[in-house]
Each structure stands twice: as C-alpha cells, then as structure tokens.
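# Remarks on the overall topology
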Amino acid sequence: MSRSLPVRDRRVSRALAAVMAVVVAATLAACATASGSSSPVRLGWSGEIPPLDPAASDSVGSFAFLTQIYPSLLSVEAEQPDPVPEIAKSAEWIADGVYRVVLKPGLTFANGDDLTSSDVKFSIERQLALQSADGAWRRLSNLDGVDIIDDVTIDFRIGTARDAGFPFVLAGPAGLVLDEEAFFADELTPDADILDVQPFAGPYLLASARDGVLKLEPYDDFGGPVPAASAIELRAGADADLARQLRDGSVDAITGRLSVETMQALGDEAVADLARASSGRTRMLAFDLGFMPFGSRTETPDAAKSLAVRTAISEIVDREALVGSIGGNWIEPLYGYLPNGVSGASDVFSELHGDGEGGPAVDVATAALAAAAVVAPVELSIQVDLDQVGEPGSAEVAALAAQLDDSGLFTVTVVETDAAALAAARVAGDVQAVFTSLLPATSDPQDYLEPFRSAGLLAPGYTDGNVDALLAQNVGEADPTVRASTVTATQLAIAANLPAIPITQGVRVVFVRGTISGFALEDSFPLDFSRLRR
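Owing to the predicted nature of the structure, the values given are computational and were not obtained by experimental measurement.

### So, the pattern of salt bridges
Close approach of charged atoms lets side chains of opposite charge pair. Per the stated rule, a full pass over the model turns up 19 salt bridges. Among the salt bridges present, the one from Arg126 reaches Asp53, with a minimum N-O distance of 2.6 Å. One end of the pair, Arg126, is in helix H3 (residues 117–130); the other, Asp53, is in the loop between strand E1 (41–46) and helix H2 (60–66), and 73 residues separate them in sequence. Side by side, Arg126 and Asp53 carry an identical accessibility label, which is buried. Of the charged contacts in the structure, one is a salt bridge between Arg276 and Glu332, with a shortest N-O distance of 3.1 Å. With a gap of 56 residues between them, Arg276 in strand E12 (residues 273–287) and Glu332 in strand E13 (residues 331–333) connect regions that are remote in the sequence. Accessibility expressed as a relative area gives 15% for Glu332, which makes it buried.

Below, the structure written as structure tokens:
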C-alpha cells in the first residue's frame, strides 16, 4: 500500500475495523465523481454480500456483485461469441502467445487515482501471488507474464500460441481491475479499508455499507460502454424477509437464491412481476465408468452392456415432464452440455436420443438393453450432494429416479450425501452415478466441456481421444465461427459415449414491483444492476 496504508497504519486500520465491523460506512472521497437518482432502486439480495476484495472469491455470486463496482478489461455480452472491450479500447492477439490490450485513455478510479496498465499488471499478478483458497488465480494457469508497454498498453504472455479461453478469463473474476494504491499486495484487504479508500471504477461506486444496506451510486467516469441508470440500495437478507419487504413496498425487487416456498408464494401473488432466464448452471447424471453396472472395475465388466445401460437411461428421461413436476421457475430442460445463452449451446440430445423431438422413447431404451443382452430391471444407485446441486435437487433426482423406475427397465436407489461422504464412496468403489451440476464462473464454453477430458473428475474411468483432440482444438482456435463448429462437434462426440447425460439447467428469477424498469434477464448472465431505473 503506497498511499494510505503502510504497515503501521495497516495495524491501526485493522484495529478500527474490529471495533466498528467488517463492513462500515464510508464517506465518499472528495475526488469521486458520482450522481444518482434521489429515489434509488431498493434491491433485495438473498444471501450474504461477498468480500469486497476480488481475490477472496471465485464464485458466480461474488462476481455478479463485484463486477458492479470494479471494471474489467473485457466483458461478455449476449449473442457475442467472444468477450468485447469494456474499459479496453482494443484487445487482440498480436503474435503467437502474446495478447495485447490497449486501455481507453483518461481512466480514473472514484478516489481520483489514474487507472493505468500498472494497475492491470498489479491486479493480475496479485491474484497469482495471493493464491487465496477460494480465489480465481487458478484461471491464470496459462499466463507466463504481464508486460507494461506504456501507460495504456499491456501484453499478456501466454504459454501456448493461442488460448481462446484467455479473453474469457480477463472478462471474469480473475480479470477485475484494482487500484494498486488501495490494496495490499501480499494479503487480502479488509472491507473497511477498501470502503475507506474508495478504489472503485465500475458502473457503480460503493458509497457506504451499514446494517446490511449497501448504497451504490452511479460512477460517472466509468470507462465501459453502458453507464448506470439509477442509484441502488442493496439490502442483503433471508429470502422470506425480503419477500415480506417486497409485499409491503419497502424493497422494489429481489434476486438471489430463493427457496421453493418463497418462489411459490410470490409466483401465486400479484404483488410483483417475474423475470426469468437460464442461470448458467447445468445439471446432469454423471457415471463412474469403473463401477456403474457392467463397468470396467466390476465383477462383470462389459463395455457394450455399460454403454447400453447409459443409452437406455438417456432414452427414458422425460425432461419436460420432470420440469413440469417441479416448476419452470426453478429449472428448464437441458438437451446439450451447454446452457442457454452460452456460445455454442446446442440441443444435441433432442436429435440423438428419445423420440427425436426431445421426448422419451422407452421402446428404444428396451431395444438398446435387449441388443446388448442386458436383463432388466437393472439396479442403479444415484448419489447426490444436495449442497453441491442446490435446490430443488432432492425433488429433481427423486423425479428422475421415478421415471427410470416407472419404465420397468431400472430399479433405482437414491443416496443423499455430502462432499466428504461422496469422496469416500468413490474411493471405496461404491459410486455408480452422481446427479451433479456445473456452474463455471465464466461463460467460456470450454469451461463446461473441459470436465469431459479423459481422466477428468466428472466421469471417472471415461477416456476418449477424439474428445481430447476437439478440446485442444477449441483452446487453440482463433476464429470464433470455426470454434463454434468445434464446440458443437465436441458435444456430439461426448454424447456418443454418454459419460454424463444432461438433464436440466437452473433458472434465475427476479421479482420486481411495477414501478421499476430495466429488469430483463439474459440467459446465463447475472442481473445487470446498471439497467435498473425507477
């Protein structure tokens, strides 16, 4: 810290933070430029507000909040195959292994500090230096170095000739740009210190935080393409309490992870409008190819029979009926390995399996088992870690098991477990299949497909050289049109051997009172605060 928090002052600041609270009120720096509506949008946030230090967390929820107050070089936009400039003027590969970003001129933080290439280098190298347990630094594994060319030009040296996923890294949690004068280089910076120094340069600056209410003011000097429309009062809390506040008018909208009870109650009432979109979370049945029925490490190994079992399951699954039994405000059908809104999403399963239109085909499943001489019913155990899957995981896996049971071709046992018990069961060879989910922190299609690389953790025992080659091609392909074709080919190649079967995708919802506009959601994108206005 070169401006206001040397070692001595750092100790003083922490002592004050311990007395006052982890998050305290802060007066705006005199040089901050902000304006906002005199009547802010009051937004309820179900859950906890993440730490203000971006190096502390790599979660999607954290990024959804932090991207409101910190800028990125690039951002991901709907309908765009690659990230586009945010505070960057340009970004491109200038040579093999060199990705150059040029900043827009005249960028500043809310406290008046200049935002230059030195801040970008600091932010990236700090992630790697801290290696926070829950941080995003692992996403920078292919980065060899960061070179400052001048105040607005930065070269990122990559370990391969091309890395099509690297722009997505810069557009995600690892790429948030911080004020090097405001953050400790060698450890995480407390919330109180961050608020005091006001190192914000996103669409909003965080003016104050007190008693669970965060006041976000539009930052007029934000270097991105879309300025914020209105001030925001972000109120964190339990979803049931936020629903009560929505009903009595003390909040204008609520978002976050809402319980089944709250969703159903608000959905049945006329107090608020509902916006919904895919959340970006995929939910699937993944197999252990070593220990599933007829797996390679069972007493009766038979690759053809093992594939027939997976094929029969894929033919039986009725995604529409499953969603209908639970509710479309929670989940939607998923017919490929990428959710709606992610570049390359394709309904490969509606073409390859079932009745050809997305529905089930029990007769085809019966024929698949008979052709491989598999005697029905097949006993199958499905494990599910409800903390990992999230709501409504219990109801969803139960409905999936019921469909398989009702076909007469399977007898299914569901085992509800946790991460530690599931890991122990894998080691013991007791896991046949797991109902699981994927929610990468970036919208790079490769992040959804990478778990299917041979010897990956998603489907133990699965190997496929063709898929490995396609994944490598995805990484090295610079042409977004060619890459989109390769992403589709990768999904088809995975679907041919069925190491996992996509079942549903999560849904994100926002309940909004009629006095607020701009709350439309994009598939697989978080709520954009900057569009909200009264």
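### What to know about the nonpolar core
Val309, Ile313, Ile382, Phe410 and Phe511 are the most contacted members of the largest nonpolar core, which totals 74 residues. Here the element with the most residues in this core is strand E17 (residues 500–512); it accounts for 6 residues. Among residues more than four places away in sequence, those in contact with Phe410 are Val309, Ala312, Ile313, Ile316, Pro377, Val378, Leu380, Leu404 and Asp405.

### Points about helix H8 (residues 303–316)
One turn of an α-helix holds 3.6 residues; hence residues three or four places apart share an orientation. The terminal C-alpha atoms of H8, which comprises 14 residues, lie 20 Å apart, in line with the 20 Å expected from a rise of 1.5 Å per residue. Counted residue by residue, H8 has 10 buried out of 14 residues, so it is predominantly covered. Among the residues making up H8, those that are buried are Ser306, Ala308, Val309, Arg310, Thr311, Ala312, Ile313, Ser314, Glu315 and Ile316. Near the N-terminus of H8, the side chain that reaches the backbone nitrogen of Ala304, with its oxygen 3.1 Å away, is that of Asp302.

### Things to note about unusual backbone geometry
Along the chain, Ala376 connects to Pro377 via a cis peptide bond; the corresponding omega equals 0°. Mapped onto the secondary structure, Pro377 falls in the loop between helix H11 (362–371) and strand E14 (378–385). A cis amide bond links Glu391 with the next residue in sequence, Pro392, at an omega value of -5°. Within the secondary structure, Pro392 is located in the loop between helix H12 (386–389) and helix H13 (393–406).

### Considering the environment of Ala489
Along the chain, the position of Ala489 falls in helix H17 (residues 480–497). Taking relative accessible area as the criterion, Ala489 reaches 30% and is therefore assigned partly exposed. Measuring from C-alpha to C-alpha, the distance between Ala489 and Arg319 comes to 23 Å, with 170 residues separating the pair along the chain.

Rules used throughout
- Going along each chain's sequence as written, the residues are numbered from 1 onward.
- Where totals are concerned, whole chains, interfaces and linings use all residues; where local detail is concerned, this predicted model gives features only for residues with pLDDT of at least 70, and gives and counts side-chain atom pairs only at 80 or more.
- Remark: hydrogens and water are excluded; side-chain values derive from all non-hydrogen atoms of the structure.
- Between Lys or Arg on one side and Asp or Glu on the other, a salt bridge is scored when a side-chain nitrogen of the former is within 4 Å of a carboxyl oxygen of the latter.
- A run of H or I in DSSP counts as a helix once it spans at least four residues, and a run of E counts as a strand once it spans at least two, with each numbered from the N terminus.
- Classification of residues uses two cut-offs on accessible area relative to the type maximum, computed with a 1.4 Å probe and protein chains only: under 20% is buried, over 50% is exposed, and between them is partly exposed.
- Buried Ala, Val, Leu, Ile, Met, Phe, Trp, Tyr and Cys residues form a nonpolar core when they are joined through side-chain atoms within 4.5 Å.
- Any two residues having at least one pair of non-hydrogen atoms within 4.5 Å are treated as being in contact.
- The span one expects for a helix is its residue count, reduced by one, times 1.5 Å.
- As used in this structure description, the phrase polar contact means that two N or O atoms lie within 3.5 Å; if the pair is within protein, one of them must be able to donate a hydrogen and the other to accept it, and residues adjacent in sequence are counted only when both atoms belong to side chains.

That is the geometry; function is a separate question.
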